[in-house]
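Structure assessment
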Amino acid sequence: MHTSEVLLWFIVLPYFILYALAVALPPYLLEWDFFEQFKISKDAWPWKDEREAVRRKFWKLMRRSLVIDTMNILILAPFYVYVKGILLPSRTMSFSVDSWPTYMKSFSDIIVSIVLHEFIFYWSHRLMHTYPVLYKHHKVHHEYKQNNILAAHHFNSIDYLFSVAGPVLTSVVVQPHGMTQIQIGLWILTANLDDHLGYAFPWSPVRWFPL
Ligand SMILES: [Zn+2]
């Protein structure tokens, strides 16, 4: 297995928890006008909805989501990393200090990887919505009518494979240094969490680039 991907896997859960507590929960709980001006949907959050049935449905989905997210992060993600290590054993990403990349090489690998990842993600997501045989798996991800942080890892297992396949294919093509791969992985993790936050905060670095 690739050291960088194993390290990344160890980061996913603590990073998710930290992001949820530090970035997502304050605006969800405080609902200050300062935060609310950046809320993407102008509808009330389902946990604040005046209809009891909507609130009850949300809490039920949230409990299921906690199980799905935890299973995906703790079991499926390492399983896919392991399978990748078996299927692509020769494609090792070096972690060697001898092959430490220059700033320029690291920067160009990051840009190429992220553009490629966006391209793969766009098409895989589009296919997921086009073919009913794929959408029946992907529709789980759209169970939330409004995005919130728990939707970031709320995927059916087949769909989760597609969502992690993009970064995997990218690393096979670009072959970045292990340290660069960690930076790319952290960026993709952050972008995924930010995309599902429900707010478009202009101070988020994810919002500073056209892609
Ligand atoms: Zn979708």
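Everything that follows concerns the structure shown earlier in this document.
Presented here is a report on the structure given in the accompanying data block.

Parameters and conventions
Residues numbered from 1 in each chain as written. Predicted model: local features only at pLDDT ≥ 70, side-chain atom pairs only at ≥ 80, totals over all residues. Heavy atoms only, no water. Donors = N, O, S within 2.8 Å, 3.2 Å for Na, K, Ca; no water. Tetrahedral: all angles 85-135°; square planar, octahedral: opposite > 155°, others 65-115°. Helix = DSSP H or I, 4+ residues; strand = E, 2+ residues; numbered from the N terminus. Salt bridge = Lys/Arg side-chain N within 4 Å of Asp/Glu carboxyl O. Buried < 20%, exposed > 50% of the residue type's maximum accessible area, 1.4 Å probe, protein only. Expected span 1.5 Å × (residues − 1). Phe/Tyr/Trp six-rings, centres within 6.5 Å; stacked < 30°, edge-to-face > 60°. Lys NZ or Arg CZ within 6 Å of the ring centre and 35° of its normal.

Below, the discussion takes up the coordination of the zinc ion. Surrounding the zinc ion are the protein donor atoms His-125 (NE2), His-129 (NE2), His-138 (NE2) and His-142 (NE2), at 1.9 to 2.0 Å. Each of the four donor atoms around the zinc ion contributes to a set of angles spanning 94 to 148°, which defines the coordination as irregular. Each donor residue of the zinc ion belongs to the same chain, and together they define the spacing H-x3-H-x8-H-x3-H. Placement of the pair is His-125 in helix H4 (residues 103-130) and His-138 in helix H5 (residues 132-138), with a sequence separation of 13 residues.

On to the pattern of salt bridges, then. In total, this model carries six salt bridges according to the counting rule given. Here Arg-56 and Glu-52 are joined by a salt bridge, their closest N and O atoms 3.0 Å apart. Of this pair, Arg-56 and Glu-52 both sit in helix H3 (residues 52-87), four residues apart, which is roughly one turn of that helix. We classify Arg-56 as exposed; its relative accessible area is 52%.

This next bit is on helix H7 (residues 178-195). For H7, with 18 residues, the first-to-last C-alpha span of 25 Å sits near the 26 Å given by 1.5 Å per residue. The element H7 is extensively covered by neighbouring structure, given that 13 of its 18 residues are classed as buried.

Before going further, it helps to spend a moment on the packing of aromatic side chains. This structure, assessed with the given rule, holds 22 aromatic pairs. Aromatic side chains Trp-32 and Phe-35 sit 5.8 Å apart centroid to centroid with 5° between the ring planes, which places their arrangement in the stacked category. Seen from their ring centres, Trp-45 and Tyr-199 are 5.8 Å apart, and the 55° between their planes marks the pair as tilted. On the criterion of sequence distance, the pair formed by Trp-45 in the loop between helix H2 (33-36) and H3 and Tyr-199 in the segment after H7 is long-range, its members being 154 residues apart. A residue is classified by how much of its surface remains accessible, and Trp-45, at 0% relative accessible area, is buried. Note on Tyr-199: relative accessible area 0%, which makes it buried. A cation over an aromatic ring shows up here: Lys-39 above the ring of Trp-45, its NZ or CZ 4.3 Å from the ring centre.

This is a description of form; function is not addressed.
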